Amino acid sequence: MNLSKGNNVVIEEGVSIGQNVSIGHNTVILEGTEIGDNVRIGCNCVLGIQANGTTNMRQIIENKRSLVIKNDTKIGNMVSVYSGTLISRNVFIGDHASIRENVLIGENSVIGRAAIIELNSKIGENCTIQTLSYITGDTTLEDNVFIGPCVSMSNDKYMGAKKYSLKGPHIKDGAKIGNNASILPGITIGKKTIIGAGSVVTKDTSDEETVVGVPAKKIKTLN
Amino acid sequence: MNLSKGNNVVIEEGVSIGQNVSIGHNTVILEGTEIGDNVRIGCNCVLGIQANGTTNMRQIIENKRSLVIKNDTKIGNMVSVYSGTLISRNVFIGDHASIRENVLIGENSVIGRAAIIELNSKIGENCTIQTLSYITGDTTLEDNVFIGPCVSMSNDKYMGAKKYSLKGPHIKDGAKIGNNASILPGITIGKKTIIGAGSVVTKDTSDEETVVGVPAKKIKTLN
Amino acid sequence: MNLSKGNNVVIEEGVSIGQNVSIGHNTVILEGTEIGDNVRIGCNCVLGIQANGTTNMRQIIENKRSLVIKNDTKIGNMVSVYSGTLISRNVFIGDHASIRENVLIGENSVIGRAAIIELNSKIGENCTIQTLSYITGDTTLEDNVFIGPCVSMSNDKYMGAKKYSLKGPHIKDGAKIGNNASILPGITIGKKTIIGAGSVVTKDTSDEETVVGVPAKKIKTLN
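Residues numbered from 1 in each chain as written. Chains lettered and ligands numbered in written order. Predicted model: local features only at pLDDT ≥ 70, side-chain atom pairs only at ≥ 80, totals over all residues.

Peer 1: Quick question: what am I supposed to make of the overall build of chain A here?
Peer 2: Looking only at helices and strands, chain A features 0 helices and 31 strands. Counting only C-alpha atoms and orienting by the principal axes, one finds that chain A spans roughly 55 × 40 × 20 Å. The 223 residues of chain A split such that 61% are buried. Sequence-distant contacts in chain A: of pairs separated by 6 or more residues, those separated by 24 or more amount to 21%. (Helix = DSSP H or I, 4+ residues; strand = E, 2+ residues; numbered from the N terminus. Buried ≥ 20, exposed ≤ 12 C-beta atoms within 10 Å, placed from the backbone. Contact = placed C-beta atoms within 7 Å.)

Take a look at the structure:
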C-alpha cells in the first residue's frame with residue numbers, strides 16, 4: 001500500500017490506510033481510524049482519540065464511530081483529532097490544531113495552525129479558519145466562510161449558571177469574520193456578511209451587512 | 001500496580017505511580033513526578049518539566065518540589081505541566097493545555113483545551129477555565145469561577161518598561177467571565193460578578209455586578 | 001560533541017549539532033537542520049519542517065534553506081519550527097510555540113508559550129512576544145518591541161475576497177502592545193508607542209503616542 005512511515009509511529013488495531021500515505025515520526029493513530037489515499041500526516045500527532053470527561057463536565061455521548069480522513073487531505077504536526085469525526089477530501093489542517101468528536105469538515109477547507117473546533121460542529125466546503133481561531137461546540141459554518149485569526153465564539157449564554165441548550169453560532173455562506181472578533185451564543189451571521197476585526201457580535205446580522213465595533217453595529221449594506 | 005502504558009513511554013527516575021493508572025503512547029514523565037490512583041494521561045504529553053529561562057527573562061526561583069497529580073485526575077493529549085505544581089483530585093486537563101510551575105489546581109476543576117496557566121497562580125475548586133483562555137502569572141481564582149473561551153489576562157502594568165511587582169487578577173467566588181474578555185493587571189473581580197464577552201476590564205468590580213464594554217461599565221446590580 | 005539526547009529522539013540526515021547540546025525525549029530534528037553550541041531543546045518538538053499546503057492556499061515558495069538555530073538558544077517542549085528560518089543567539093522559545101518558514105528571530109528575543117509566528121516575518125533583537133500572541137505573515141518587529149499576551153494581527157485586508165498583496169503590521173523600536181489588542185493589516189505602529197489592552201488599531205500611530213479603545217484613539221503624547 002506504499003506507506004511511508006516515520007520512526008516510533010504507533011498504529012493501533014483496526015486502522016485502515018489507503019494508497020500513498022505518509023505518516024511522520026512519533027505520530028499515534030488510534031484504534032479504528034480510517035485513512036484514505038494520498039493522505040499526508042506530520043510528526044507527533046494523535047489521531048482517533050476517544051472522547052473523555054469528568055463527572056462535572058458535559059456528558060459524553062457514546063461514540064462508536066471512527067475517525068475518517070478522506071483522500072488527499074494533509075495534516076500538520078502535533079495535531080489532535082477525535083474519533084467520530086469526518087474530514088473530507090483535500091482538507092488542510094495546520095500544526096497544533098485540535099478537532100473534537102462528531103465534527104464534519106467539508107471538502108477543500110483549511111483549518112489553521114492551533115485552531116480548535118469543538119464537538120458537534122459542522123464546517124462547510126471551501127471554508128478558511130485561520131490561526132488560533134476557536135469554533136465552539138454546536139456551531140455551523142456553511143460553505144465559503146472565512147474566519148480570520150484569533151476569532152472567539154461561545155455557546156453557553158448563561159456560562160454554566162442555568163440549564164440551557166448549548167447553541168453555537170450559525171454562519172452563512174460566504175461570511176467573513178475579522179481577526180479577534182467575538183461571536184455570542186446562538187448568533188446567526190447572514191450570507192456574505194463582513195464582521196470587522198475586534199468586533200463583539202451580540203445580535204444576528206442580515207445578509208450582506210458590514211458590522212463593526214463593540215457591540216457590533218451596521219455600517220453599510222452592500223446590496 | 002496495574003499500570004496501562006502505551007508504546008515509547010518514557011518514565012524517568014524517581015517517578016511514583018499509584019494504582020490503575022493509564023499513560024498513553026509517547027508520553028514523557030520527568031524525574032520525581034508523583035501520580036496518584038486512577039489517573040488517566042493521554043498521548044504525547046510532557047509532565048514534570050523543570051523551569052527554565054534566559055538571562056533577559058524573569059528569574060526562575062529554584063524549585064525542589066515535584067509535580068504532584070492526585071487521584072482520579074484526567075489529562076488529555078500533548079499536555080505540558082511543570083514541576084512544583086499540585087493538581088488536585090478529579091481535575092480534567094484538556095489536550096494541548098500548558099501549566100507552569102508553582103501552580104495549584106483545586107479539586108474538580110476543568111482546564112480547557114489549549115488553556116494556559118502561568119507560574120504562581122492558584123485556581124480554586126470547581127472552577128472552569130475554557131478553551132484557549134490565558135491565566136497570567138500570579139493570578140488567584142477563588143472557587144466556582146467560570147472563565148469563558150479565549151479570555152486574556154496580564155500581570156505587568158508597565159509592559160516591561162518599569163520595575164513593578166507583577167500582579168495578576170484576583171477573581172472571587174462564582175464570578176463568570178465572558179469569552180475573549182481582557183482583564184488588566186492587579187484587577188479584583190467581585191463575587192458572582194458577570195463580565196460580558198469581549199469586555200476590557202480596567203477597574204475593580206464589586207460583588208454581583210454585571211459589567212460590559214470597552215472599557216467595561218456596570219449595567220445592573222443583581223442584589 | 002557532548003550531546004545529551006533523550007529516548008526516541010529522531011535525528012534525520014544532514015543535521016549538524018554543535019557542542020554541549022541537549023535534546024529532550026521524543027523530539028524530531030528533520031533533515032538539514034543546523035544547531036549551534038549550548039542549545040537546549042525540550043521534549044516532543046518537531047524542528048526543520050518543510051512548508052506544505054493545498055491547491056487552495058497561498059503558494060509555497062520553494063525553500064532550499066535549512067532551519068538554523070544559533071548558540072545559547074533554548075527551545076521548550078512541543079515546539080514546531082519550519083525550515084528556512086533563522087533563530088539567532090540566546091533566544092528563548094516557549095512550549096507549544098510555532099514558527100513558520102522564512103522567519104528571522106533576532107538575538108536575545110523571547111517567544112512566549114503557544115505564540116505563533118507566521119511566514120516571512122522579521123522579529124528584531126530584545127523583543128518579547130508573550131503567550132498565545134499571533135504574529136501574522138509578512139510582519140516586521142524592530143528591536144525592543146513588547147507584545148503582550150493574546151495579541152492578534154492580520155495581513156489580509158479583504159479576507160480572501162480580492163487580490164491583495166498581503167501586508168502585516170510594521171511595529172517600530174520600543175513599541176508596547178497591550179494584551180488582546182487587535183492590529184489590522186499593513187498598520188505602522190510608531191516608535192515607543194503604547195497600545196492599550198483590548199484596543200483595535202485601525203490607523204497608523206505616530207512615535208511615542210498612547211492609543212486605546214475600539215477603534216484605538218490617542219490619549220496623550222509623551223514627548
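Peer 1: Just to check I follow, could you spell out the pairing of strand β8 (residues 46-49) of chain C for this structure?
Peer 2: Look at any regular strand and the pattern is simple: side chains alternate between the two faces of the sheet. Sheet topology places strand β5 (residues 28-29) of chain C next to β8(C); 2 bridges connect them, and they run parallel. Its bridge partner lying in β8(C), V28(C) is registered against V46(C). (Pairing = 2+ DSSP bridges.)

Peer 1: What am I meant to see in the relation of the copies chain C and chain A here?
Peer 2: Each of the two copies of the chain can be brought onto the other by a rotation about an axis and a shift along it. In screw terms, the move from chain C to chain A is a rotation of 120 degrees and a rise of 0.0 Å along the axis, fitting with an RMSD of 0.0 Å. The operation mapping one copy onto its partner corresponds to a three-fold rotation axis. With a heterologous cut-off of 20% or less, the 20% of interface residues of chain C that recur at the interface of chain A puts this contact in the heterologous class. (Least-squares fit on C-alpha atoms with pLDDT ≥ 70 in both.)

Peer 1: Hey, could you run me through the sheet that holds strand β29 (residues 200-201) of chain A in this one?
Peer 2: The strands that make up a sheet are held in pairs by hydrogen bonds between backbone atoms, and each pair lies either parallel or antiparallel. All names here are of chain A. Taken in spatial order, the 3 strands of this open sheet run β23-β26-β29, and their pairing is parallel. The two strands at the open ends of the sheet, each matched to only one other strand, are β23 (152-153) and β29. As paired elements, β23 and strand β26 (residues 182-183) share 2 bridges and run parallel to each other. Looking across to β26, one finds that S152 is bridged to S182.

Peer 1: In this structure, what is going on with the confidence of the model for chain A? I would like to understand it.
Peer 2: Keep in mind that low pLDDT regions are not for reading the predicted coordinates in detail. In the predicted model, chain A carries a mean pLDDT of 93, and 92% of its residues have values of at least 70. For this predicted complex, the interface confidence comes out at an ipTM of 0.93, alongside a pTM of 0.95. (pLDDT = per-residue confidence, 0-100.)

Peer 1: Could you clarify how one ought to interpret the interface of chain C and chain A in this entry?
Peer 2: Reports often express the size of an interface as the amount of accessible area lost when the parts come together. On the side of chain A, 34 residues touch chain C, which itself brings 30 residues to the contact. Of all elements in the fold, only β8 and β23 (152-153) of chain C reach the threshold of two or more residues within the side of chain C that touches chain A. Looking at the side of chain C that touches chain A, its residues break down into 14 nonpolar, 15 polar and 1 charged. (Nonpolar A, V, L, I, M, F, W, Y, C, P; charged D, E, K, R; others polar.)

Peer 1: Just checking my understanding: could you explain the pairing of strand β8 (residues 46-49) of chain B for this structure?
Peer 2: The pairing of β8(B) with strand β11 (residues 80-82) of chain B spans 3 bridges and is classified as parallel. Across the sheet, L47(B) pairs through a bridge with V81(B), a residue of β11(B).

Peer 1: Just checking my understanding: could you explain the relation of the copies chain C and chain B for this structure?
Peer 2: For the pair chain C and chain B, the superposition axis carries a translation of 0.0 Å, the fit reaches an RMSD of 0.0 Å, and the rotation angle comes to 120 degrees. Different-surface contact between copies: only 18% of interface residues of chain C are shared with the interface of chain B.

Peer 1: What's the story with the domain arrangement of chain A in this structure? I'm lost.
Peer 2: Residues and elements named next belong to chain A. Domain parsing of chain A yields domain 1 (1-51 + 64-110) and domain 2 (115-223). Computed over C-alpha atoms, the centres of domain 1 and domain 2 are 27 Å apart. Contacts between the two partners involve 15 residues from domain 1, matched on the other side by 17 residues from domain 2. The set of elements that each furnish at least two residues to the side of domain 1 that touches domain 2 consists of β14 (98-99) and β15 (104-105). Across the side of domain 1 that touches domain 2, the residue classes tally to 6 nonpolar, 6 polar and 3 charged. (Domains from an automatic or database assignment.)

Peer 1: Mind showing me how you'd approach the environment of R65(B) here?
Peer 2: Residues and elements named next belong to chain B. With respect to the secondary-structure elements, R65 resides in the loop between β8 and β9 (68-69). A tally of 13 C-beta atoms within 10 Å means that R65 is categorised as partly exposed. Note: C-alpha distance between R65 and G48 (17 residues apart in sequence) is 9.9 Å. Among residues more than four places away in sequence, those in contact with R65 are S83 and G84.

Peer 1: What is the right way to read the environment of D95(B) from this model?
Peer 2: Examined against the element boundaries, D95(B) turns out to sit in the loop between β13 (92-93) and β14 (98-99). The exposure class of D95(B) is buried, given the 25 C-beta atoms found within 10 Å. Sequence separation between D95(B) and N8(B) is 87 residues, and the spatial gap between their C-alpha atoms is 19 Å. The residues touching D95(B), leaving out its near neighbours within four places in the chain, are S80(A), S98(A), G42(B), G76(B), N77(B), M78(B), V79(B) and R113(B).

Peer 1: It is not clear to me how the sheet that holds strand β27 (residues 188-189) of chain B should be interpreted in this structure. Could you clarify?
Peer 2: Residue and element names in this part refer to chain B. Reading across from one edge, β3-β6-β9-β12-β15-β18-β21-β24-β27 is the order of the 9 strands in this open sheet, with parallel pairing throughout. A strand with exactly one partner marks an edge of an open sheet, and here the two such strands are β3 (16-17) and β27. Where strand β21 (residues 140-141) and strand β24 (residues 170-171) come together, 2 bridges link them in parallel fashion. What sits directly across from T140, in β24, is H170.

Peer 1: Please clarify how the nonpolar core should be interpreted in this entry.
Peer 2: By size, the foremost hydrophobic cluster in this structure holds 202 residues, and its most contacted members are I111(A), V201(A), I111(B) and I111(C). Residue contacts for V201(A): discarding those within four places in its chain leaves A181(A), S182(A), I183(A), L184(A), I187(A), I195(A), V211(A) and A216(A). (Core = buried A, V, L, I, M, F, W, Y, C linked by C-beta atoms within 7 Å.)

Peer 1: Explain unusual backbone geometry to me, please; I cannot follow it from the model alone.
Peer 2: Apart from glycine, the bulk of residues carry a negative phi angle, and the bulk of peptide bonds sit in the trans form. All names here are of chain A. Look at the link from V214 to P215: it is a cis peptide, with omega at -10 degrees. On the secondary structure map, P215 appears in the loop between β30 (209-212) and β31 (217-221). For H96, which is not glycine, the phi torsion reads 65 degrees and is therefore positive. One can find H96 in the loop between β13 (92-93) and β14. Residue class for H96 comes out buried when judged on the 29 C-beta atoms lying within 10 Å of it.

Peer 1: I tried to follow the environment of N52(B) on my own but got confused; where do I start?
Peer 2: In this structure, N52(B) sits in the loop between β8 and β9. Residues N52(B) and A161(B), 109 residues apart in the sequence, show an inter-C-alpha distance of 23 Å.

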